[in-house]
Amino acid sequence: MSDSPTTGPVVLDVWCELECADCHTALTDLRALRARYGDRLDIRLRHFPLEKHRHAFAAAQAAEEAVEQGRGWPYAEAVLARHAELATRGEPLLVEVARELRLDDEEFDTALIDGRHTLIVDADQAEGKAIGVTGTPTYVIGGERLDGGKSQDGLRTRIEEIADRLLAEG
């Protein structure tokens with residue numbers, strides 16, 4: 001017998017790109033949401049690499065390789081912590097972060113060369129465009145889109161209001 005509710009967790013999609021300073025700032029809110037909700041809130045990293053950041057697409061592919069190796073969020077957070085360095089160093093930094101997290105860095109290097117995760121990144125970006133995502137971070141919870149690219153003031157409170165309502169309804 002399980003204590004978990006019969007309905008699954010509330011899903012929060014976070015449209016993000018790993019070369020984005022605003023996405024780095026958003027980590028504080030995401031950590032607070034994880035602490036508050038635990039496994040009742042499924043925070044999903046969705047990719048929306050912006051053309052103005054030349055290493056964002058490669059970073060999104062690398063993040064997908066980290067997901068395959070079981071460390072998606074730790075990897076994304078580690079790269080976001082060094083987003084300015086990513087802008088200058090590019091792919092070597094992505095492989096270095098994998099090595100620091102004790103992931104298979106050779107597999108990261110190969111994944112970046114063979115493009116095995118390109119379709120996932122392209123699909124995320126296409127879905128984001130279809131629902132009106134124009135910048136990062138953008139959050140989608142309970143069918144509501146919240147744009148954090150201009151200001152993140154009050155967004156965590158709004159996400160909590162929606163999550164609490166959805167959990168109460170569930």
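Everything here concerns the structure above.
Residues numbered from 1 in each chain as written. Predicted model: local features only at pLDDT ≥ 70, side-chain atom pairs only at ≥ 80, totals over all residues. Heavy atoms only, no water.

**Student:** I would appreciate a short explanation of the environment of Tyr-139 in the present structure.
**Tutor:** By secondary structure assignment, the location of Tyr-139 is in strand S3 (residues 138-141). Spatially, the C-alpha atoms of Tyr-139 and Gly-149 are 10.0 Å apart, while their sequence positions differ by ten residues. Setting aside anything within four residues of it in sequence, one finds Tyr-139 in contact with Leu-12, Asp-13, Val-14, Ala-26, Leu-30, Glu-144, Arg-145, Leu-146, Gly-148, Gln-152, Leu-155 and Ile-159. (Helix = DSSP H or I, 4+ residues; strand = E, 2+ residues; numbered from the N terminus. Contact = heavy atoms within 4.5 Å.)

**Student:** How should I be thinking about the sheet that holds S3 in this particular structure?
**Tutor:** As a general point, the strands of a sheet are linked pairwise by backbone hydrogen bonds and lie either parallel or antiparallel. Strand order in the open sheet formed by four strands is S2-S1-S3-S4, and the pairing between neighbours is mixed. Edge positions in the sheet fall to strand S2 (41-47) and strand S4 (144-147), since each has one partner strand and no second. In this sheet, adjacent strand axes meet at a mean angle of 20° when their direction is disregarded. (Pairing = 2+ DSSP bridges. Axes fitted to C-alpha atoms, helices over the stretch in contact; angles between N-to-C directions.)

**Student:** Is there a simple way to explain the side chain of Thr-136 in this structure?
**Tutor:** Examined against the element boundaries, Thr-136 turns out to sit in the loop between helix H7 (118-130) and S3. By relative accessible area, Thr-136 is classed as buried at 4%. Once residues within four sequence positions are removed from consideration, Thr-136 is found in contact with Trp-15, Cys-16, Glu-17, Cys-20, Asp-22, Cys-23, Phe-48, Leu-50 and Gly-149. (Buried < 20%, exposed > 50% of the residue type's maximum accessible area, 1.4 Å probe, protein only.)

**Student:** Please explain a negative patch on the surface as it appears in this structure.
**Tutor:** The grouping of Glu-91, Asp-104, Glu-106 and Asp-109 at the surface amounts to a negative patch. Within the secondary structure layout, Glu-91 lies in helix H5 (residues 91-100). Judged by its relative accessible area of 37%, Glu-91 is partly exposed. (Patch = residues over 30% accessible without salt bridge, like charges linked within 9 Å, V, L, I, M, F, W, Y side chains within 5 Å. Areas by Shrake-Rupley, 256 points an atom, 1.4 Å probe, with all protein chains shown as cover. Salt bridge = Lys/Arg side-chain N within 4 Å of Asp/Glu carboxyl O. Lys, Arg positive; Asp, Glu negative; His and termini not counted. Charge placed at Lys NZ, Arg CZ, Asp CG, Glu CD.)

**Student:** Just checking my understanding: could you explain empty space enclosed by the protein for this structure?
**Tutor:** Take a probe with the size of a water molecule and roll it over the atoms, and the empty space left behind shows itself. With the rule as written, the count across this model stands at one cavity of 30 Å³ or more. Size it by volume and the largest cavity reaches roughly 30 Å³. What lines the largest cavity is Val-14, Cys-16, Cys-23, Ala-26, Leu-27, Leu-30, Trp-73, Leu-80 and Pro-137. For the lining of the largest cavity, the secondary-structure elements that each account for two or more residues are strand S1 (10-16), helix H1 (21-37) and helix H3 (72-80). Counting residues per element, the lining of the largest cavity draws most heavily on H1, at four residues. Considered class by class, the residues forming the lining of the largest cavity number nine nonpolar, no polar and no charged. (1 Å grid on protein atoms, 1.4 Å probe; cavity = no way out; pocket = protein on both sides within 12 Å on 5 of 7 lines; lining within 4 Å. Points joined across faces, edges and corners; volume = space filled by probe spheres on them. Nonpolar A, V, L, I, M, F, W, Y, C, P; charged D, E, K, R; others polar.)

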